[in-house]
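Structural overview for review
What follows is the residue order along each chain.
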Amino acid sequence: MPLVTSKEMFKKAYEGGYAIGAFNVNNMEIIQAITEAAKEENAPLILQVSAGARKYAKHIYLMKLIEAAEADTGLPIVVHLDHGEDFEICKACIDGGFTSVMIDGSKYDFEENIRLTKQVVDYAHERGVVVEGELGRLAGIEDNINVSDKDAAFTDPDQVEEFVARTGVDSLAIAIGTSHGAYKFKGEPKLRFDILEEIQKRLPGFPIVLHGASSVMPEYVEMINKYGGNMPGAKGVPEDMLRKAASMAVCKINIDSDLRLGMTAAIRKHFAEHPEHFDPRQYLGPARETIKEIVRHKLVHVLGCAGKA
Ligand code: G3H
Ligand code: 13P
Ligand code: ZN
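Residues numbered from 1 in each chain as written. Chains lettered and ligands numbered in written order. Predicted model: local features only at pLDDT ≥ 70, side-chain atom pairs only at ≥ 80, totals over all residues. Heavy atoms only, no water.

A short note on the pairing of strand β5 (residues 130-135)
Counting buried residues in β5 gives 6 out of 6 residues, a clear majority hidden from the surface. The two faces of β5 match: Val130, Glu132 and Glu134 on one face and Val131, Gly133 and Leu135 on the other face are all buried. Here strand β4 (residues 100-103) pairs with β5 via 3 bridges, running parallel. Counted as the bridge partner of Met102 is Glu132 from β5. Handedness of the β-α-β unit built from β4, helix α6 (residues 110-126) and β5 comes out right-handed. For β5 and strand β8 (residues 171-174), the ladder comprises 4 bridges, and the chain directions are parallel. Paired with Gly133 across the two strands is Leu172, which belongs to β8. (Buried < 20%, exposed > 50% of the residue type's maximum accessible area, 1.4 Å probe, protein only. Helix = DSSP H or I, 4+ residues; strand = E, 2+ residues; numbered from the N terminus. Pairing = 2+ DSSP bridges. Right-handed = clockwise from strand over helix to strand, strands pointing away.)

Structure below.
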């Protein structure tokens, strides 16, 4: 099966009350771990690439690795640009074979966000590529952009219909209390399901995207701390909240930090137990296995998309 767009995936996910996992990829081991887990669970998959990942690994290397993963597994795989910040990067990814792009105009005012998003949609749709837009601002860190809690803003349900109608986007990322990174909540985790419900009412059948959706799985934070790391207070989105979002209009759930934590935990543990090792395969192998386990857990127990490929 060639690389696909998310159109059909989201339709089935919406109707079936589950979500597709969108996992960030940066290198071969991460791509292999995610796609092997999806293959074993027969799950549809979105592999997403940030500007930082593209800079780190180069577009062509990631594209070829994802094509290899698709050929190896035969799974329906979407290759998606995560948080495209301008028209140029979206165009480069569309021209370079991505099947989906996000244009993140959330830092602009409403009119400028619409103008930029529509410019990307016009270019993408002519070439059979789908587009995710964003309304509202998540707190947290992406690349070197750090949005403080006071600059974050929940999505305003009064704006969503106009935004979708005027831009023509295929899916919409919203802010309901999640944030990027490993420190999402100072106190008790809380998501604004009332806002999600209102948005679902205004846009019936329309796929919604949840960013910042890692659970910051406690076992991996504990492992990192046990083997010399220092991450006090790391906290993520509880799994039951993600399952609830997936049963509503949320069709795409973005996960990166959990994979980073698992990979780091496995490597720290490996070196604590085998300080004499220096062959990268000795520590990247267990790191890949750990990511695979995490992805399987998400597909089966959190997203509900196992068996839906
Ligand atoms: O939302 C951001 C993703 O976790 C990607 O992070 O920009 O550091 O690659 P990155
Ligand atoms: P996490 O940092 O919670 O994994 O979020 C990832 C994300 O939203 C990528 O766009
Ligand atoms: Zn994000």
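Regarding the site of ligand 2
Neighbouring residues of ligand 2: 15 residues in total, closest Asp82, Lys184, Ser214, Asp256 and Ser257. Within the backbone of Asp256, one N or O atom sits 2.7 Å away from an oxygen atom of ligand 2. Notes on ligand 2: free accessible area 310 Å², of which the protein chains cover 96%. Of all the secondary-structure elements, those providing two or more residues to the shell around ligand 2 are β3 (77-84) and β10 (250-255). Among the residues forming the shell around ligand 2, the class breakdown is 2 nonpolar, 10 polar and 3 charged. (Near = heavy atom within 4 Å. Polar contact = N/O pair within 3.5 Å; in protein donor to acceptor, adjacent residues only side chain to side chain. Areas by Shrake-Rupley, 256 points an atom, 1.4 Å probe, with all protein chains shown as cover. Nonpolar A, V, L, I, M, F, W, Y, C, P; charged D, E, K, R; others polar.)

Let's talk about helix α11 (residues 257-273)
Look at α11: 24 Å from first C-alpha to last across 17 residues, which is about the 24 Å you get at 1.5 Å a residue. Looking only at α11, the buried set comprises Ser257, Asp258, Leu259, Leu261, Gly262, Met263, Ala265, Ala266, Ile267 and His270. Next to the buried residues of α11 lie β1 (20-24), α2 (28-41), α9 (218-226), β10 and α12 (280-303). (Expected span 1.5 Å × (residues − 1). Contact = heavy atoms within 4.5 Å.)

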